[in-house]
Each structure stands twice: as structure tokens, then as C-alpha cells.
Amino acid sequence: MTDVLSQLENRAAEWLSDGGLRPTRQRLALADLLVGDGKNRHVTAESLFAAAHGRGESVSLATVYNTLRAFCDVGLVQEVTVDGSKSYFDTNIHDHPHFYWEDDGRLTDAVAEDLVIAALPDAPEGMEIAKVDVVIRLRKTAR
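An account of the accompanying structure is given in this report. Bear in mind that the values here come from a model prediction, so they are computed numbers and not experimental data.

**Section: the sheet that holds strand S2 (residues 78-82)**
So, step 1. Spatially, S1-S3-S2 is the arrangement adopted by the three strands of the open sheet, whose pairing is antiparallel. In this open sheet, the two strands that pair with only one neighbour each are strand S1 (42-43) and S2.

Below you can see the structure in the form of C-alpha cells.
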């Protein structure tokens, strides 16, 4: 069991190092929740805060927000905004579309190979398109 815990902690520390971030106790705890098991996930600041408290971590919601912002700033996570106000943080930083499940407020990856964008409008003069975010909203059909 100790080897498994050590491996998880090492994964989190390595991930922080890849972003050039100092591995503080709180960053390590949050990084472990995000990437410790090697799986990608989509979290809100509130869901990460709840997961941290569920593990007995002493971290404030403000610290979670600030830490997620730092992770975004160095490219470790990407922010996906839904409805202009709700932000999810995705550990899969490669370009890919998302499904937003309206009924339960979940964000999941959609298969990128199935998405075809035939054309984009020209960017205004002096600008370039930096990124295209695709969020496909889902809701249950009426029976």
C-alpha cells in the first residue's frame, strides 16, 4: 500500500514540476485528486473542494480557485466555461469537444474523431483564431 501511495504522490509532484510549479502541500493534495490515478477528469472548484475535504485536506475554497487558476496559467488544466458562468477544469489539455449533460450538470469528453468543422469565419484584421471550444449540450428526450 505504501508503494501505491508513494507512486500517486510522485505522479502529482511530477505533474506540478511539468508546469514549473512549486509542490506545496495544498498543490500536491489537489494535484493528487486531479491526476493521482492517471485518469483525466473534469471538475469544478466546488467539486474539487468537496473531494479535498472528503479526504480530510484542510484547504479553503479560495485556495482551490487560486490553485486551479495557477494550473490553468501554466497549461496543466484547461478551463471550459458553460453558460458563461460555470467553469469546469479539464486535465486533458489536448483539443477535444465536450458533452455538457444539462440534467445533472456534468461535463465529459466527446469523441474528437467524430467532430467535423468544415470552415471557420475569418478572424478580424490583426487577430488570429487561438482556439475553438466545442461544447455539445445534451438533455433527456421526452418519452
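Moving on from the model shown.
**Some words on the side chain of Thr 67**
So, step 1. For Thr 67, the position within the fold is in helix H4 (residues 61-73).
So, step 2. Aside from chain neighbours lying at most four places away, what touches Thr 67 is Arg 27 and Leu 30.

**A closer look at the packing of helix H2 (residues 25-35) against helix H3 (residues 45-54)**
So, step 1. Relative to each other, H2 and H3 sit at 105°, their axes nearing to 10 Å. Considered as vectors, H2 and H3 are oriented roughly perpendicular to each other. Only Leu 48, Ala 51 and Ala 52 of H3 make contact with H2, whose side of the interface consists of Leu 30, Leu 33 and Leu 34.
So, step 2. Of the residues contributing to the contact of H2 with H3, the split by class is six nonpolar, no polar and no charged.

**Thoughts on the nonpolar core**
So, step 1. Residues Trp 15, Leu 34, Leu 48, Leu 68 and Phe 71 are the most contacted members of the largest nonpolar core, which totals 21 residues.
So, step 2. For this core, the elements supplying multiple residues, two or more each, are helix H1 (2-18), H2, H3 and H4.
So, step 3. In terms of residues, this core owes the most to one element, H2, which gives five residues.
So, step 4. When neighbours within four sequence positions are excluded, Trp 15 is seen to be in contact with Ala 31, Leu 34, Val 35, Phe 71, Leu 76 and Val 77.

**Re the pairing of strand S3 (residues 86-90)**
So, step 1. Buried residues dominate S3, accounting for four of its five residues.
So, step 2. Of the pairings in the sheet, the one linking S1 to S3 comprises two bridges and is antiparallel in character. Within S3, the position partnered with His 42 by the bridge is Asp 90.
So, step 3. The pairing of S2 with S3 spans five bridges and is antiparallel. Residue pairing in the sheet places Gln 78 in a bridge with Asp 90 of S3.
So, step 4. Once S2 ends, the chain turns through three residues before running back antiparallel as S3, passing Asp 83 with a positive phi of about 60°.

**So, the environment of Gln 26**
So, step 1. By the secondary structure assignment, Gln 26 is in helix H2.
So, step 2. Once the C-alpha coordinates of Gln 26 and Val 64 are considered, the two residues, 38 residues apart in sequence, prove to be 8.6 Å apart.
So, step 3. Setting aside chain neighbours within four positions, we find Gln 26 in contact with Ser 58, Val 59 and Thr 63.

Calculation criteria
- Residues numbered from 1 in each chain as written.
- Predicted model: local features only at pLDDT ≥ 70, side-chain atom pairs only at ≥ 80, totals over all residues.
- Heavy atoms only, no water.
- Pairing = 2+ DSSP bridges.
- Helix = DSSP H or I, 4+ residues; strand = E, 2+ residues; numbered from the N terminus.
- Contact = heavy atoms within 4.5 Å.
- Axes fitted to C-alpha atoms, helices over the stretch in contact; angles between N-to-C directions.
- Parallel < 35°, antiparallel > 145°, perpendicular 65-115°, else oblique.
- Nonpolar A, V, L, I, M, F, W, Y, C, P; charged D, E, K, R; others polar.
- Core = buried A, V, L, I, M, F, W, Y, C linked by side-chain atoms within 4.5 Å.
- Buried < 20%, exposed > 50% of the residue type's maximum accessible area, 1.4 Å probe, protein only.

Any functional reading would require information beyond the geometric quantities listed.
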